[in-house]
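# Summary of structural features
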Amino acid sequence: MASELTEWRPFSDFAELRHRLDQAFRDIADGAQDDWTPSVDVVRKNGQLVLRADLPGIKPDEVTIEVEDDVLTVSGEHREAKQEKEEHYVRRERRYGSFSRSMVLPKGVQADDIDARCEDGVLEVTVPAPAGTEGKQTVDVKSKSE
């Protein structure tokens, strides 16, 4: 005999259905556009910004890293070696096509000091933070009359 009470949520199944339909439409749209967005983490470590991007199956020569107007852009294109038109996919999640991610860098970053390495499907871009960008800064709040 059950001894705990659970909240009755009559419409919770609809939320799951909506999530699945949204994902299905995204999958259709992504397939039509042949582009995707890699997952990215950015951490501050030892006075540097470290960007890690998941790029499974991507070779280093398929990746381009550019810095323009204090914006770092990681982009590239990955194509399948052969088209498998005979296959009838039940589910297809592996991505191919073009990709791009951008992030604003602190002022004063020198592009020549940026280091990028790719290993085991993870791209790691190390950006030395310029002097004066470390730590927390506070801003004084004043009244309008001041």
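Provided above is the structure to which this section pertains.
It should be emphasised that the depicted structure is a prediction, and the values quoted were computed from it without experimental measurement. (Residues numbered from 1 in each chain as written. Predicted model: local features only at pLDDT ≥ 70, side-chain atom pairs only at ≥ 80, totals over all residues. Heavy atoms only, no water.)

Strand order in this open sheet of four strands is β2-β3-β8-β7, and the pairing throughout is antiparallel. The open sheet has two free edges, formed respectively by β2 (40-45) and β7 (115-119), since each of these has just one partner strand. For this sheet, the mean inter-axis angle between neighbouring strands, taken without regard to orientation, is 20°. Pairing analysis gives six bridges linking β2 to strand β3 (residues 48-54), with the strands arranged antiparallel. Its bridge partner being in β3, Val42 is matched across the sheet by Leu51. (Pairing = 2+ DSSP bridges. Helix = DSSP H or I, 4+ residues; strand = E, 2+ residues; numbered from the N terminus. Axes fitted to C-alpha atoms, helices over the stretch in contact; angles between N-to-C directions.)

We now examine the pairing of strand β5 (residues 71-78). With respect to burial, β5 is a largely interior element, six of its eight residues being buried. The pairing of strand β4 (residues 63-68) with β5 spans six bridges and is classified as antiparallel. What sits directly across from Thr64, in β5, is Ser75. Count of turn residues in the β4/β5 antiparallel hairpin: two residues, of which Asp69 carries a positive phi of about 50°. (Buried < 20%, exposed > 50% of the residue type's maximum accessible area, 1.4 Å probe, protein only.)

Residues Leu55 and Leu72 are the most contacted members of the largest nonpolar core, which totals 17 residues. Secondary structure elements with two or more residues in this core: β3, β5, β6 (97-104) and β8 (122-128). Excluding residues within four positions of it along the chain, Leu55 makes contact with Trp36, Pro38, Val63, Phe99, Gly121 and Leu123. (Core = buried A, V, L, I, M, F, W, Y, C linked by side-chain atoms within 4.5 Å. Contact = heavy atoms within 4.5 Å.)

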